[in-house]
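# Summary of the model geometry
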Amino acid sequence: MRRKFEYCKIAGIPVIVAGPTPQTLPRLEKFVKQYDIKIAIHNHGPEDKFFPSPLDALKLVKNMDPRMGVCIDVGHTARTGTDVPTAIHEVGPRLYDVHMKDLANASSKESQVPVGDGRLAVEKLFAALIAIQYSGYVDLEYEIDEDNPMPGMIKSFAYMRGVLAGMGYTA
């Protein structure tokens, strides 16, 4: 763990997205304090025994150092039945990273489609991020079309930029 924090400190990486266990959180917190690097706990949906929803991660870090936070994976969050914009508001200042994707079926991990072609409420998600004054990254996590991902990635970015432009923001 120490080597990872040392590398991130040297490289100027301010946030580490991680999938720890609840038992490792106190040790992570010590490194967070020592290196002044934030941890964003990534949720992985219903099959994740520790952090299916970002709210599960928030429960464990809310009384820890404020640099202990959450990465919301919007697809995995939706698959747990958690409303993503509501989760964004609940996590609030502990939100340090967002993994963006879209799903044709909000309960199926295998139904990923380019952002905008699915069922996730992208505009409401962005409105929630704006409302909490989120200043971190929204990372496209495009896990389909592995032999030719660029068309779907370009379509996803274009859609997200269009949504933001329609809300009065330019990318």
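Structure first, text after, so check above.
First, a word on what this report is: a plain description of the structure on this page. Keep in mind it's a predicted model, so treat the numbers as computed, not measured.

Moving on to helix H7 (residues 150-166). Its 17 residues place the ends of H7 24 Å apart at the C-alpha level, agreeing with the 24 Å of an ideal helix rising 1.5 Å per residue. If you check which residues of H7 are buried, you get Gly-152, Ser-156, Met-160 and Val-163. In a view along the axis of H7, the buried residues occupy a sector of 70 degrees, so they form one face of it. Of the surrounding elements, those touching the buried residues of H7 are strand E4 (95-100), helix H6 (122-131) and strand E7 (137-140). Gly-168 occupies a position one or two residues after H7 and carries a positive phi of about 95 degrees.

Moving on, we get to unusual backbone geometry. For Gln-133, which is not a glycine, the phi torsion comes out positive at approximately 60 degrees. Here Gln-133 is to be found in the loop between H6 and E7. One non-glycine residue, Asp-145, lies in the positive phi region at around 55 degrees. Checked against the element boundaries, Asp-145 lands in the loop between E7 and H7. Relative accessible area serves as the criterion here: at 45%, Asp-145 is assigned to the partly exposed category.

Let us now look at the environment of Pro-46. Looking at the secondary structure, you find Pro-46 in the loop between strand E2 (38-42) and helix H3 (54-61). For Pro-46, a relative accessible area of 47% gives the class partly exposed. Once the C-alpha coordinates of Pro-46 and Glu-6 are considered, the two residues, 40 residues apart in sequence, prove to be 33 Å apart. Once residues lying within four places of it in the same chain are set aside, the contact partners of Pro-46 are Pro-52, His-76, Arg-79 and Thr-80.

The rules we used
Residues numbered from 1 in each chain as written. Predicted model: local features only at pLDDT ≥ 70, side-chain atom pairs only at ≥ 80, totals over all residues. Heavy atoms only, no water. Helix = DSSP H or I, 4+ residues; strand = E, 2+ residues; numbered from the N terminus. Expected span 1.5 Å × (residues − 1). Buried < 20%, exposed > 50% of the residue type's maximum accessible area, 1.4 Å probe, protein only. Arc of directions from axis to C-beta. Contact = heavy atoms within 4.5 Å.

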